Amino acid sequence: WFVWFEADFVGITTFGPTVILLPTLLTERDKAGRYAEGFALLALFCCAAVIVFANPTPFGSFQTGSLKLVPTSTFLFPVVILMAARTPSVFVGLATFFVALVIVYCTTHDVGRFALTTLAEEDRMVAAQVSMTTFTLASLAIVTLLRERRLAEASLIEANTALSTLSATLEMRVQQRTQDLSVAN
């Protein structure tokens, strides 16, 4: 049961955000440049993910028998942060889905860092699942934080506009009242 639960959890966390965020691609009315930039960053991210996960020797590692995954996030997260900050959220969902696809492909076809023959197959599977889940959760946290920041910024701009309108209205009312009082005296 634990293996089924674990596999379902990994599948839901890696594929779920893409399914949930895909309709926002159609409903969000961003500029066409945001979509072009999103697809360009997604292509860059896909190339980087293939290079990172298909490389048999972990970057920055001189030990060939160990599975070092920390440098992976070092190479991929700057692109995720840029994508989350500048494009609609669905592009980060697509990026996490692509990472899951690359990790699954590399693991099942014994390519790259998940093909280390010094580790047992179960250990490689667990490492792949942990990598997918960790990357997905961290990416979703980044998207959530930046989206909340955008919403707070929009709310602040709206409140500032309302305050400016109220200030102008108040100024007009004060001038009108002053003029009425000067006429009455």
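This text goes with the structure placed above it.
Small disclaimer: the values here were computed from a predicted structure and weren't measured.

(A) Broad picture of the overall build of the protein. A count of helices and strands for the protein gives 5 helices and 0 strands. Overall, the protein shows an N-to-C arrangement of helices and strands of α-α-α-α-α. Counting every position in the protein, which comprises 185 residues, the buried fraction comes to 32%. Total accessible area on the protein is roughly 11,700 Å²; 69% of this is exposed by carbon and sulfur atoms.

(B) Spatial organisation of the pattern of salt bridges. Under the counting rule described, the total for this entry stands at 2 salt bridges. Between Arg86 and Glu37 there is a salt bridge whose closest N-O contact spans 2.6 Å. Of this pair, Arg86 sits in helix H3 (residues 70–86) while Glu37 is found in helix H2 (residues 32–54), placing the two residues 49 residues apart along the sequence. Residue classification places Glu37 among the partly exposed positions, given a relative accessible area of 23%.

(C) Up close: helix H4 (residues 90–108). In a regular helix each residue adds 1.5 Å, so 19 residues correspond to 27 Å; H4 covers 27 Å between its end C-alpha atoms and thus fits that length. Val90, Phe91, Val92, Gly93, Ala95, Thr96, Val99, Ala100, Val102, Ile103, Cys106 and Thr107 are the residues of H4 that are buried. Positive phi appears at Asp110, one or two residues downstream of H4, with a value of about 50 degrees.

(D) View of helix H5 (residues 121–184). Compared with the 94 Å implied by 1.5 Å per residue over 64 residues, the 93 Å span of H5 between its first and last C-alpha is a close match. All of the buried residues along H5 are Arg124, Ala127, Ala128, Gln129, Ser131, Met132, Thr133, Phe135, Thr136, Ser139, Ile142 and Val143.

(E) Just the packing of aromatic side chains, in detail. Tallied over the full model, the rule gives 4 aromatic pairs. Between Tyr35 and Phe91 the ring centres are 6.4 Å apart and the planes differ by 55 degrees, which places this aromatic pair in the tilted class. In this pair, Tyr35 is assigned in helix H2 and Phe91 in helix H4, connecting sequence segments 56 residues apart. By the burial criterion, Tyr35 is buried, and Phe91 matches it. Ring centres of Phe39 and Phe91 lie 4.9 Å apart, and the angle between their planes is 90 degrees; on these two criteria the pair is classed as edge-to-face. With Phe39 in helix H2 and Phe91 in helix H4, the pair connects residues that are 52 residues apart, well separated along the chain. Aromatic rings pair up to connect Tyr35, Phe39 and Phe91 into one cluster.

(F) Structural view of the nonpolar core. In this structure, Phe45, Phe53, Leu76, Met83 and Val99 are the most contacted members of the largest nonpolar core, which totals 31 residues. Elements supplying a minimum of two residues to this core: H2, H3, H4 and H5.

(G) The packing of H4 against H5, seen in detail. Interhelical geometry of H4 versus H5 gives an angle of 170 degrees and a closest axis separation of 10 Å. Taken as axis vectors, H4 and H5 run roughly antiparallel relative to one another. Touching Val92, Thr96, Val99, Ala100, Ile103, Val104 and Thr107 of H4 are Arg124, Met125, Ala128, Ser131, Met132, Phe135, Thr136, Ser139 and Val143, all from H5. Split by residue class, the contact of H4 with H5 holds 10 nonpolar, 5 polar and 1 charged.

(H) Up close: the environment of Cys46. Residue position: Cys46 is located in helix H2. Here Cys46 falls in the buried class, since its relative accessible area comes to 17%. Each C-alpha atom of the pair Cys46 and Phe98 lies 6.9 Å from the other, and the pair is 52 residues apart in sequence.

Here is what the cut-offs are and how they apply
Residues numbered from 1 in each chain as written. Predicted model: local features only at pLDDT ≥ 70, side-chain atom pairs only at ≥ 80, totals over all residues. Heavy atoms only, no water. Helix = DSSP H or I, 4+ residues; strand = E, 2+ residues; numbered from the N terminus. Buried < 20%, exposed > 50% of the residue type's maximum accessible area, 1.4 Å probe, protein only. Areas by Shrake-Rupley, 256 points an atom, 1.4 Å probe, with all protein chains shown as cover. Salt bridge = Lys/Arg side-chain N within 4 Å of Asp/Glu carboxyl O. Expected span 1.5 Å × (residues − 1). Phe/Tyr/Trp six-rings, centres within 6.5 Å; stacked < 30°, edge-to-face > 60°. Core = buried A, V, L, I, M, F, W, Y, C linked by side-chain atoms within 4.5 Å. Axes fitted to C-alpha atoms, helices over the stretch in contact; angles between N-to-C directions. Parallel < 35°, antiparallel > 145°, perpendicular 65-115°, else oblique. Contact = heavy atoms within 4.5 Å. Nonpolar A, V, L, I, M, F, W, Y, C, P; charged D, E, K, R; others polar.

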